[in-house]
Structures are given as structure tokens and as C-alpha cells.
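Residues per chain, in single letters:
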Amino acid sequence: MVSSLRIIRFCALLFSLILCFIFFQTASAHGVTITEYNCNTMSCQPTGITTGPDGNLWFTDSHLFNFPSGDNIIGKITPAGMVTVVSTLPARLGIPRGVTAGPDGNLWFTAYNIVKITTNGVVTEYPIPTIPSGAHSITAGPDGNLWFTEWDGNKIGKITTTGVLTEYAVPTNGGHPSGITTGPDSNIWFTEDDGNKIGKITTTGVLTEYTVPTNGSRPFGITAGPDGNIWFTEFNGNKIGKITTTGVLTEYTVPANGSHPNGITIGPDGNIWFTETFGNKIGRITTAGLITEYPIPSAYSLPHGITAGPDGNIWFTESQGGQIGKISDFQPTPPTSVPTMTEWGMIIFTTLAGLGSIYYLKGWLKIYK
């Protein structure tokens, strides 16, 4: 009889745990809607993307996988999904990569040199003194200038809206700066792809470097977070990193192995969103470090750049898929590991149900033993 009661207790508790598991799986399955728009250009391979001053999304078409064949373009897409080729660039300008909205109401992007384009498509080129510079990413600084990374030149560049250029050498040889952003401390922060460091430069040109804990992590994309910290991707480390303005580093491992996180941005929901280039997913991480991943409908799309759109959605580029993606219908905050009041109610209910089953079955055995 004792043995039978133990079996009954075990089965009842197992039943309760199964109910809890099913509930939490259902409660945590918050999805998003991902919509993809074709670039409408031959061999389109979009890379960088940003929100423009005209309320559209602007992107660079870099042809990273078949350069120099095809046309390197600057394109835009409306929040409704209409794609337009704004300018076809001459071959001498090279591959357009990073793009940002400037304080002057124009778009600025990197190629062989720094290029400005008006919303009407007028292009102006500003030569970079260092050749080759390998200008990569660009951002609007707190000082009214544009700041950019020089991957080959191993420098951080600054350009005024009138085209005056200044360069600052990165202390680590072969650091290869890549991503760049303006921090909450009014300094410029950047990643060093091969230097495995996060760099900071003041608007007066004073540089400081911080080593990423994971060796060979290849920090790449970088953005200012909603929590007063700076967040970045570790392409080889398969992690998302966080650094405070005083240089304290924290790392969070991306669940999908070998996903190679790349671009990163702050979302309108107060979380950080990033692309997983080889994982073919879009990731979201809370400021507490909880990561959620969303598969992209098109296979092998190689998502790259990502930005918050003017429409409250997240937009990203598919450098191999030839499409611009939009993420919508996401919850204000992703599921957390802390139960809500409703979830606590379900826990109590299933627990009581299990205990009630034990009591009932125990009484039944007493009657019929």
C-alpha cells in the first residue's frame, strides 16, 4: 500500500510539473511579424541601414559578394515598403557600407571616401587623407560632426558638415576599428575588430581602449543602450557585450551556436536588437541580459545592418537575400524569467490540483483497500 501511495504521489506531482511546463512554454511563445521587401535592383546586396530625415529608411547596396560587378547604389524604402534607387554610384567611389543621418538634414555614408547625399540624390564626395582608409561605419557625433572608422587606416575620422576632415590614430596596431556610435557620455565609442577591444574617443581626440574578456571575439557592431551603457556584438565570440561608460565589461552568450551577431541597435521597446548573420535570425536582448531569437523567413539571407524605423518597427538588411526586412508586432517587453501574477496563479492552481489528486486518491484507496 505504501508503495502504491508513493507511485500516486509521484504521478500527481509529475502531472503538475507538466502543466506548469506547458503553461510557461505557451506564455513565453511571444512571436513577432517579419516582413521582407525585395530591393528591386539587380544583384541587390544591402548592408548598412538608417532612418533618414525624410521619414524613410536609407540603405547602402554594397555588392560585398560580387564586387565590382553590378551597380553600387544608395537606396531608400518607405515604411510602407516601396523601394527606390536614389543614386547609382560611380565605380571610383568603391563599396558603400555604413550610413547615417547627419545633423545637416543629409545622409552620410562611407566608401573609399566619405560621401554625402541629399534626400534628392545629389552626391558630394570628400577624400580621406589616408589611402587606403577602408572607411567602414559612420555616426553623427554630439559635436555636430560626423565620426567614422577607418578599418585599413586604423584610425578614427571626423568630418564637419562642410567637409573638413581630421584623423586620429588608434593606439593598438592592427586594431581595425569597425563599428561606431555616440555614447551617453557624449564621447564616441567604437569596436576594434582585430584588436579585440572597445575604444572611446573624446570629441577633442583623446583615445582610451578596453579589452574584451573573450579572446578573438571580433567585436563589430555597437550602439548606445537605453540603460546608459554601450552594447556591442562579438562576431566570433557569439556574444553580446555591454560596457559601462567607466569601462566595466559584461558578456551574454547568444543561444544559437555559431550565429555570428553583427549589427545592433536600440529598439523602440527599450531593448537591444541585433542581427545574427550566420544564424539567419534577429535577436533581442533586454538590459538584464535575457535573449530572444526570431528566425528570418528567407533562408541564408545573411542579415547585416539593423536600425529602429520612424514607424516604431525594427528594420534590417539581408546582404545575401537581396531584401530589406521589417520586424513588427513585437511585445513591448520580451518574456522574462520572473513569473507574472497570472503565471503565479497557474503555479498555485496546478500545485493545488496535484495535491488534491493525492488526497482524493489516498481516500479512495482507504475505502476500497
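The notes below deal with the structure included here. Along each chain, the written sequence defines residue order, and numbers are assigned to residues from 1. Only residues with pLDDT of 70 or above have their local features reported here, since the model is predicted, and side-chain atom pairs are shown and tallied only from 80 upward, although totals for entire chains, interfaces and linings are computed over all residues. The side-chain values count all of the structure's non-hydrogen atoms but skip hydrogen atoms and water molecules.

## Brief notes about the sheet that holds strand E8 (residues 114–117)
Pairs of strands are assigned from DSSP output, requiring at least two bridges between the strands. Runs of E in the DSSP output that reach at least two residues are strands. Runs of H or I that reach at least four are helices, and both are numbered from the N terminus. Read from one edge to the other, the open sheet built from four strands follows the order E6-E7-E8-E9, with strand pairing classed as antiparallel. Each of the sheet's edge strands pairs with one partner strand only, and the pair in question is strand E6 (99–101) and strand E9 (123–126). Looking at each pair of strands side by side, their axes are set apart by 25° on average, direction ignored. Every axis corresponds to a line fitted to the C-alpha atoms, with the helix fit spanning only the stretch in contact, and the corresponding angles, defined between N-to-C directions, vary from 0 to 180 degrees.

## As for the packing of aromatic side chains
The aromatic pairing rule takes the rings of Phe, Tyr and Trp, using the six-membered ring of Trp, and pairs them if the centres are within 6.5 Å, calling planes under 30 degrees apart stacked, those over 60 edge-to-face and the rest tilted. All told, the structure shown has nine aromatic pairs when counted by the stated rule. Judged by centre distance (5.9 Å) and plane angle (15°), the rings of Trp147 and Tyr168 are stacked. Taken as a pair, Trp147 in strand E11 (residues 146–150) and Tyr168 in strand E13 (residues 165–169) lie far apart in primary sequence, 21 residues in all. Burial here depends on accessible area, computed with a 1.4 Å probe over protein chains only, as a share of the maximum for the residue type. Under 20% is buried, over 50% is exposed, and the range in between is partly exposed. The class for Trp147 is buried, based on a relative accessible area of 0%. For Tyr168, a relative accessible area of 15% translates into the label buried. Residues Phe220 and Phe235 carry aromatic rings whose centres are separated by 6.4 Å and whose planes lie at 45° to one another, so their mutual orientation is tilted. Taken together, the positions of Phe220 in strand E18 (residues 219–224) and Phe235 in the loop between strand E19 (230–234) and strand E20 (239–243) put the pair 15 residues apart, joining distant regions of the chain. Every member of this aromatic cluster is reached through a ring pair, and the members are Phe220, Phe235 and Phe278.

## Things to note about the side chain of Thr244
As for its placement among the helices and strands, Thr244 is situated in the loop between E20 and strand E21 (249–253). Polar contact is defined as a pair of N or O atoms within 3.5 Å, subject to the rule that within protein one atom must be able to donate a hydrogen and the other to accept it, and that residues adjacent in sequence are counted only when both atoms are side-chain atoms. Of note is the side chain of Thr244, whose polar atom sits 3.0 Å from the side chain of Thr246. The criterion used for residue contact is that any of the two residues' heavy atoms lie within 4.5 Å. Excluding its chain neighbours within four sequence positions, the residues that come into contact with Thr244 are Trp189 and Asn229.

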